Amino acid sequence: NGVLQLALQSMPGSPAKLMRWSHGGWQETPLTPAQKASTFVGFGNHPDMVSYYDAMAQRIIATPDENGWHEQIMTKHPAGTRSQTIKAVSADGNLLDCLVLDRGLNNKAVATLIEIYGAYGIANLPFPGEQISALLQANVRLVYPQTRGGSGGGVKWASAGRGAGRIRVVEDAEACMQEVVRQGLAEPGKIVSRGGSAGAIPAYWLLQRNPGTVAGVILERPYLAMQMQRGIINEVEYGSLAQQASRKVIDQLNPYASMLAGQLQHGKVLFLCGGEDINTPDWHCRASQTALRLRGHRQSWMYIAEHSDHHGLPPLHPETQTELRLLVNFVLKAGEQQKP
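Residues numbered from 1 in each chain as written. Predicted model: local features only at pLDDT ≥ 70, side-chain atom pairs only at ≥ 80, totals over all residues. Heavy atoms only, no water.

Peer 1: Would you take a moment to explain the state of the cysteines for this structure?
Peer 2: Structurally, a disulfide amounts to a covalent bond that connects the sulfur atoms of two cysteines. A complete count under the given rule lists two disulfides for this structure. One disulfide bridge connects Cys 98 with Cys 176, the sulfur atoms lying 1.9 Å from each other. Its S-S torsion of about -85° marks the bond between Cys 98 and Cys 176 as left-handed, since a negative value means left-handed. With Cys 98 in strand β9 (residues 95-102) and Cys 176 in helix α4 (residues 166-182), this residue pair connects regions lying 78 residues apart in the sequence. Each member of the pair Cys 98 and Cys 176 is classed as buried. (Disulfide = S-S within 2.5 Å. Helix = DSSP H or I, 4+ residues; strand = E, 2+ residues; numbered from the N terminus. Buried < 20%, exposed > 50% of the residue type's maximum accessible area, 1.4 Å probe, protein only.)

The structure is reproduced here in structure tokens:
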């Protein structure tokens, strides 16, 4: 419509600027504090529209006029959802934020789910969706550790969670978990970790390293057999198998190798996989569950959505609904003792 404008953001999580070309030069359009603090800022399909996410990852559409910005929530969490951010100190002294989401922070949650960052600088935030809504409705408390490697911390922060630094992601998540337990927001033995894709790696290790505290893990479209699949290996994130130092790190991170060695003998495991997933094929789940059973671990379950790829299916698809019920039920039941 004859309007040229540009959103500028040096790194995800850093303040954004909205610039418009007018009268032969660039002029900055002031943003609201919420827009400046947003993790992602972008445009809608209208030249005078800006979309962004607030602190709870709810999507906001804002349109300006002569009186300022008019904001409308487009995607939101269930009514009554509340959030708070607490500080935690990791094993090496790193200070990080932990976003806590539930239906009432003064109420005792029936379980706590630790959502863990995976890779590639993707933000670890509670974007509204069917899974989060169902978990919140079931009185599950959600915790999102803002670990190293994720967005929001700049280049050094991102680099600190790569390669040999990948263990820092687990240590940061542990620090958040310990802090929410200390503050009475989580109960040991009723905590479940969850990670999707590359996030399955730190999610698994949170269970492996914390028997008695973490009751189970949900591995969703998981990347588990790191040495057996060449196509997905990202040298920026994990290093090259051809280099001895990187190979050693990958060997240490590899969940499948840990399962095959019989190192996991506690907790419960839920594999959620896509039958048409070419990024992390369902054999990651099949091989890993077989390894667990061969080594005596009997508390694992697997569901393969046969028509699903790496990104899932529409919310109302029958396989999506089945997967949703399994996920929520697993979180609610993971802390229960197995009957003899």
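Peer 1: Teacher, can you tell me more about the sheet that holds strand β13 (residues 214-220) here?
Peer 2: By way of backbone hydrogen bonds, the strands of a sheet pair with one another, either parallel or antiparallel. Judged by pairing direction, the sheet is mixed, and its eight strands sit side by side in the order β8-β9-β11-β10-β12-β13-β14-β15 without closing on themselves. Only two strands of the sheet have a single partner each, and these edge strands are β8 (82-89) and β15 (300-305). Taking the axes of each pair of neighbouring strands and ignoring which way they run, one obtains an average angle of 20° across the sheet. Lying over the sheet, α4 contacts β8, β9, β10 (111-115), β11 (140-145), β12 (191-196) and β13, oriented at roughly 115° with respect to β8. Packed onto the sheet, helix α10 (residues 318-333) meets β10, β11, β12, β13, β14 (268-274) and β15 and runs at close to 165° relative to β14. (Pairing = 2+ DSSP bridges. Axes fitted to C-alpha atoms, helices over the stretch in contact; angles between N-to-C directions. Contact = heavy atoms within 4.5 Å.)

Peer 1: Mind showing me how you'd approach the side chain of Arg 148 here?
Peer 2: Tracing the backbone shows Arg 148 in the loop between β11 and α3 (154-159). Judged by its relative accessible area of 8%, Arg 148 falls in the buried class. A distance of 2.8 Å separates polar atoms of two side chains, one belonging to Arg 148 and the other to Asp 92. Polar contacts involving the side chain of Arg 148 include one to the side chain of Asp 172, which spans 2.8 Å. Excluding residues that lie within four positions of it along the chain, Arg 148 makes contacts with Ser 90, Asp 92, Asn 94, Tyr 117, Trp 157, Ala 160, Gly 161, Arg 168, Val 169 and Asp 172. (Polar contact = N/O pair within 3.5 Å; in protein donor to acceptor, adjacent residues only side chain to side chain.)

Peer 1: In this structure, what is going on with the environment of Gly 184? I would like to understand it.
Peer 2: The residue Gly 184 is located in the loop between α4 and β12 in this model. Judged by its relative accessible area of 55%, Gly 184 is exposed. With 76 residues separating them in the primary sequence, Gly 184 and Lys 108 have C-alpha atoms 8.6 Å apart.

Peer 1: Where do I start with the nonpolar core in this structure?
Peer 2: Across soluble globular proteins, nonpolar side chains have a tendency to be buried as a group. In this structure, Leu 219, Tyr 238, Met 259, Val 269 and Phe 271 are the most contacted members of the largest nonpolar core, which totals 50 residues. Not counting residues within four places of it along the chain, the set of residues in contact with Val 269 comprises Leu 207, Val 217, Leu 219, Leu 264, Leu 292, His 297, Gln 299, Ser 300, Trp 301 and Phe 330. Judged by nonpolar contacts, the second largest core, of 27 residues, contains Leu 99, Leu 125, Leu 136 and Val 331. (Core = buried A, V, L, I, M, F, W, Y, C linked by side-chain atoms within 4.5 Å.)

Peer 1: Help me understand the packing of aromatic side chains in this model?
Peer 2: When we look at a pair of aromatic rings, we describe it by the centre distance and by the angle of the planes. On inspection of all chains with the given rule, the structure shows four aromatic pairs. Ring plane angle 70° and centroid distance 5.9 Å describe the contact between Tyr 223 and Tyr 238, whose orientation is recorded as edge-to-face. Note that Tyr 223 is positioned in the loop between β13 and α6 (235-238) and Tyr 238 in helix α6, a separation of 15 residues in sequence. The pair Tyr 223 / Tyr 238 is uniform in exposure class, with both members buried. Ring centres 6.3 Å apart and planes at 70° place the aromatic pair Trp 301 and Phe 330 in the edge-to-face group. Highlighted residues: Trp 301 in strand β15 and Phe 330 in helix α10, separated in sequence by 29 residues. (Phe/Tyr/Trp six-rings, centres within 6.5 Å; stacked < 30°, edge-to-face > 60°.)

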